[in-house]
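Report on the structure
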Amino acid sequence: MTTTNVDISNKDDAKALVQTFVDQDEQVAKIEITVTNGVFAGAVTFNDPPAPEAVGDGTMDTAKTDAAKAIDDGKSKITIERSDAGKWTVTAT
């Protein structure tokens with residue numbers, strides 16, 4: 001797996017990051033967004049090689065919605081992860 005830092009400067013950038021990388025599904029293992037004193041930072045961990053194709057359980061859309069809500073709610077650490085089975089989950093604190 002390879003982790004890459006991603007420049008984000010505001011809530012809209014953070015939401016776009018989630019939308020873009022969750023849609024890459026098999027390529028992405030985890031997306032992390034942190035906010036410290038109003039400063040946003042992002043990181044994406046890529047699967048290498050890509051993970052098996054997901055079963056289409058609908059968790060991609062739920063993850064996008066849950067992550068956007070956490071961003072809007074001002075959470076300071078948001079982690080969006082894809083399991084090996086293709087299920088996306090969001091953890092926010």
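We now turn to the structure provided with this report. (Residues numbered from 1 in each chain as written. Predicted model: local features only at pLDDT ≥ 70, side-chain atom pairs only at ≥ 80, totals over all residues. Heavy atoms only, no water.)

1. Side note on the sheet that holds strand S3 (residues 39–46)
Strands pair in a sheet through their backbones, by hydrogen bonds, and they do so in one of two ways: parallel or antiparallel. On the basis of which strands lie adjacent, the open sheet formed by 5 strands has the order S1-S3-S2-S4-S5 and antiparallel pairing. One side of each edge strand has no neighbouring strand; the edge strands of this open sheet are strand S1 (2–6) and strand S5 (88–92). Between one strand and the next, the sheet's axes are offset by a mean angle of 15°, whatever the strand orientation. Strands S1, strand S2 (28–36), S3, strand S4 (77–82) and S5 of the sheet are contacted by helix H1 (residues 11–22), whose axis makes an angle of about 175° with S2. Here helix H2 (residues 59–72) sits on the sheet and contacts S2, S4 and S5; the angle it forms with S5, its principal contact strand, is near 15°. (Pairing = 2+ DSSP bridges. Helix = DSSP H or I, 4+ residues; strand = E, 2+ residues; numbered from the N terminus. Axes fitted to C-alpha atoms, helices over the stretch in contact; angles between N-to-C directions. Contact = heavy atoms within 4.5 Å.)

2. Concerning the environment of Lys-15
The residue Lys-15 is located in helix H1 in this model. Among the residues examined, Lys-15 registers a relative accessible area of 24% and is labelled partly exposed. (Buried < 20%, exposed > 50% of the residue type's maximum accessible area, 1.4 Å probe, protein only.)

Taken by themselves, the reported measurements are silent on function.
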